[in-house]
Amino acid sequence: MTREEKSIAIEDLTAQLAGVNVVYLADISGLNAETTSNLRRACFKAGIKLEVVKNTLLEKAMEASESNFGELSTVLKGNTSILIAETANGPAKIIKEFRKKSDKPLLKGAYINEEIYIGDNLLDSLAALKSKEEVIGEIIGLLQSPAQRVISALKNQFKDEEGAE
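Residues numbered from 1 in each chain as written. Predicted model: local features only at pLDDT ≥ 70, side-chain atom pairs only at ≥ 80, totals over all residues. Heavy atoms only, no water.

The chain is annotated in an unreviewed UniProt entry as Large ribosomal subunit protein uL10 from Flavobacterium limnosediminis JC2902. As its UniProt record puts it under Function (unreviewed entry), the chain is described as follows: "Forms part of the ribosomal stalk, playing a central role in the interaction of the ribosome with GTP-bound translation factors." We quote the UniProt Sequence similarities (unreviewed entry) comment for the chain here in full: "Belongs to the universal ribosomal protein uL10 family." (UniProt positions renumbered as here; feature names shortened; annotations may be inferred.)

Laid out in structure tokens, this is it:
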């Protein structure tokens, strides 16, 4: 790879990292072609971009990025794949699903909404994270619950008054 090609690759990676809130780093080495293809297909269906990257190029892209990836660059050893997603738990769920049949992919680390997570031991925690939409839905449900009780009580009160006439 020439210096110019490396520069272009770093610019491309930096552009991919710009404005994203969910980045996972994983090791998918050792997966056979069929499993790798299935992983790519599952990521595509979930709206997750999966790409194998060179560690040095990704590290330079992280440094050039406006986001603070902190200690995430410390996991850039060996084979590294980057998973970029919209939902915080999407890549973790896919990795967890594939781990039912294989010991890979291994979670190296994640950057989620400016928080850094390092280590495969956090996979279950990351998979359990709720998406923004799920949290908003729960809040709306909690807010609606007291209002629904008041409306129900008023309806019952109105029915009781009508029945008393």
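Anyway, onward from the coordinates.
For the rest of this paragraph, the subject is the pattern of salt bridges. As enumerated under the stated definition, the model contains five salt bridges in all. Lys49 serves as the salt-bridge partner of Glu51, at 3.9 Å between the closest nitrogen and oxygen. Relative accessible area serves as the criterion here: at 41%, Lys49 is assigned to the partly exposed category. One salt bridge connects Arg99 with Asp120, and the closest N-O pair in it is separated by 2.7 Å. You can see Arg99 sitting in the loop between helix H4 (90-98) and strand E4 (106-112) and its partner Asp120 sitting in the loop between strand E5 (115-118) and helix H5 (123-127), a full 21 residues away along the chain. (Salt bridge = Lys/Arg side-chain N within 4 Å of Asp/Glu carboxyl O. Buried < 20%, exposed > 50% of the residue type's maximum accessible area, 1.4 Å probe, protein only. Helix = DSSP H or I, 4+ residues; strand = E, 2+ residues; numbered from the N terminus.)

With that settled, the discussion passes to the nonpolar core. Ranked by size, the top nonpolar core spans 22 residues in total, and within it Tyr24, Leu39, Cys43, Leu83, Ile112 and Leu126 carry the most contacts. Of all the secondary structure elements, the ones that give two or more residues to this core are strand E1 (22-27), helix H2 (33-45), strand E3 (80-85), H4, E4 and H5. Per-element accounting of this core gives the leading share, four residues, to H4. Ignoring any residue separated from it by four or fewer positions in sequence, one finds Leu83 in contact with Val22, Val23, Tyr24, Ala26, Cys43, Ile48, Lys49, Leu50 and Pro91. Val53, Leu57, Leu76 and Tyr111 belong to the second-largest nonpolar core, a separate cluster that totals 19 residues. (Core = buried A, V, L, I, M, F, W, Y, C linked by side-chain atoms within 4.5 Å. Contact = heavy atoms within 4.5 Å.)

Counting across every chain of the model gives one aromatic pair. A ring pair is formed by Phe69 and Tyr111, whose centres lie 4.5 Å apart and whose planes are at 50°; its orientation type is tilted. Placement of Phe69 in the loop between helix H3 (55-64) and E3 and of Tyr111 in strand E4 is noted, with a sequence separation of 42 residues between them. For Tyr111, a relative accessible area of 3% translates into the label buried. (Phe/Tyr/Trp six-rings, centres within 6.5 Å; stacked < 30°, edge-to-face > 60°.)

If you walk across this open sheet you meet the five strands as E2-E3-E1-E4-E5, and the pairing is antiparallel. The sheet terminates laterally at strand E2 (49-53) and E5, the two strands that pair on one side only. The mean angle between the axes of side-by-side strands here comes to 20°, regardless of whether they run parallel or antiparallel. Here five bridges tie E2 to E3, and the two strands are oriented antiparallel to one another. Bridging from a neighbouring strand, Lys49 pairs with Ile84 of E3. Contacts from H3 reach E1, E2 and E3 within the one sheet, and its direction differs from that of E3 by about 40°. (Pairing = 2+ DSSP bridges. Axes fitted to C-alpha atoms, helices over the stretch in contact; angles between N-to-C directions.)

Of the residues in the chain, 94% reach a pLDDT of 70 or more, and the chain-wide mean stands at 84. Helix H6 (residues 132-164) is the least confidently modelled element of the chain, averaging 72 in pLDDT, while E3 averages 91, the highest of any element. (pLDDT = per-residue confidence, 0-100.)

Once that is clear, we can look at the environment of Glu34. Relative to the helices and strands, Glu34 resides in helix H2. Classification of Glu34 by relative accessible area gives exposed; the value is 58%. Each C-alpha atom of the pair Glu34 and Glu59 lies 29 Å from the other, and the pair is 25 residues apart in sequence.

Remark: a regular strand shows side chains that alternate across the two faces of the sheet. Burial of E3 is extensive: six of the six residues sit out of reach of the surface. Across the two faces of E3 the burial is the same, with Thr80, Ile82 and Ile84 and Ser81, Leu83 and Ala85 all buried. Two elements, E1 and E3, share five bridges in a ladder whose sense is antiparallel. Along E3, the bridge assignment pairs Val22 with Ala85.

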